[in-house]
Amino acid sequence: MGRSIAGVTEVDFALIGHQESWRAAADVLAVLRGPERTPLPDDEIRDILPWLPPRAVCHVDIESLGGARARGLYIDSFIAPDRLADAYVRDNIARVREAAAYAIKAGAKIVSLGGFSSILIEGNFDQLPQRHATVFTTGNTLTVGFIVQGIRKMCAMEGRDLRRSTLLIVGATGDLGSGCARCLAGDVRRVLLTARNMERLRRLAVELEAEGVAVEVATDLRQFSSEADVVICAASLASPSLLLGRVAPEAIICDAGFPKNLAPGAEMPGAKVFFGGLGQVMGGLRFTPDFHGVLNRHPFPDVVHGCLLEGMALALERRFEPFSQGRGFITPERVEEVETIAARHGIYLAPLYNADGPLEETAESSCLPALLPA
């Protein structure tokens, strides 16, 4: 279909991702087909996308503020936005495996698994094709770092004392949720953990309680005895469908899901919502062909999800290793280590924003319209 991606002599990194909405998928296909072709109707896109094999759609060049450079590929697995549910797990794992095989064949030294790719693999890299010099990372450690930084920044902006807060983590037993719990539990008054698996919840609670943290667990948000005023949504949901309960008025809420967790019609008067887990590349990104504003649909330049940025940061550092390996391995020490690597190359927490636009005044936001990510 349309343009092909010419080979490169060296591939430092590869990024495996997929689009979280049909609008985003349509924009990707439009760039691939070229401006000379008429855009496809929505019904044709829905018919075509599930049949597209995973493939590289563009080269990605990243530059460090210190002058280091790395070259890579963005590989779209073309998982359809409406096929993220459990019924399609087998097909989606096959797509991730095929995308991984593409990255290995291209000679990528390190591969980041973005979005549902890491959830499908669950850190079990043995599910991926045999490889020699290519390593894989879920990218979740840096994502956790940016979520935690965002929570602390938002509390500072709102004049909240995090130490007096009750923290709720939705999706607490996943890699992101458990990592956030370990990083923030000692900084808050009380921790509420919710997920679908009670046995895993209890294991995480025991781990945190051993550190002197007050923890309450539940598989139903309505069962908690107190309301949360700081919330992290990191559940692996197939669509934005989460309706929060037991949340205090004017709570600070970080939606770190991909796709987003919060239902568009969720009633949360006074809540301060922001999208978490995002970083900004200060040295600059270049896509060939030009996918700016398509692959990174944010109201600020060169903003990327932390799971993909981790692979790029490690490539700039020339540390080709499986830094994030799956559920349960993210610790505050590992988060600090990868944050230091990212910062050394000019990769920092992105400016905060939500569906209505920027939440802080920056040089860019003063002249940008609000942007609703699709």
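Just above, that's the structure.
Summarised in this report is the structure supplied together with it.

Definitions and cut-offs
Residues numbered from 1 in each chain as written. Predicted model: local features only at pLDDT ≥ 70, side-chain atom pairs only at ≥ 80, totals over all residues. Heavy atoms only, no water. Axes fitted to C-alpha atoms, helices over the stretch in contact; angles between N-to-C directions. Helix = DSSP H or I, 4+ residues; strand = E, 2+ residues; numbered from the N terminus. Parallel < 35°, antiparallel > 145°, perpendicular 65-115°, else oblique. Contact = heavy atoms within 4.5 Å. Nonpolar A, V, L, I, M, F, W, Y, C, P; charged D, E, K, R; others polar. Pairing = 2+ DSSP bridges. Buried < 20%, exposed > 50% of the residue type's maximum accessible area, 1.4 Å probe, protein only. Right-handed = clockwise from strand over helix to strand, strands pointing away.

Details of the packing of helix H5 (residues 140-158) against helix H9 (residues 332-344)
Following both chains from N to C, one finds H5 and H9 inclined at 90°, their axes separated by 9 Å at the closest point. As judged from the angle between their axes, H5 and H9 are roughly perpendicular. Residues Thr141, Leu142, Val144, Gly145 and Gln149 of H5 form the contact with H9, whose participating residues are Arg334, Val335, Val338, Glu339 and Ala342. Residue composition of the contact of H5 with H9, by class: 5 nonpolar, 3 polar and 2 charged.

Quick notes on the sheet that holds strand E3 (residues 69-76)
Strand order across the open sheet formed by 6 strands is E5-E4-E1-E3-E2-E13, with mixed pairing between neighbours. In the strand order of this sheet, the two ends are held by strand E5 (135-137) and strand E13 (285-288), each with one partner. Direction aside, the axes of adjacent strands within the sheet are offset by 25° on average. Examined bridge by bridge, strand E2 (residues 55-63) and E3 share 8 bridges and lie antiparallel to one another. The residue bridging aspartate 61 from the neighbouring strand is arginine 71, located in E3.

Examining the pairing of strand E6 (residues 166-170)
Burial within E6 is extensive, with 5 of its 5 residues counted as buried. Of the two faces of E6, the one lined by Thr166, Leu168 and Val170 and the one lined by Leu167 and Ile169 are each fully buried. Across 5 bridges, E6 lies against strand E7 (residues 190-194) in parallel orientation. Paired with leucine 167 across the bridge in E7 is valine 191. Crossover handedness for the path E6 to helix H6 (residues 175-184) to E7: right-handed.

By themselves, these observations are geometric and do not establish any function.
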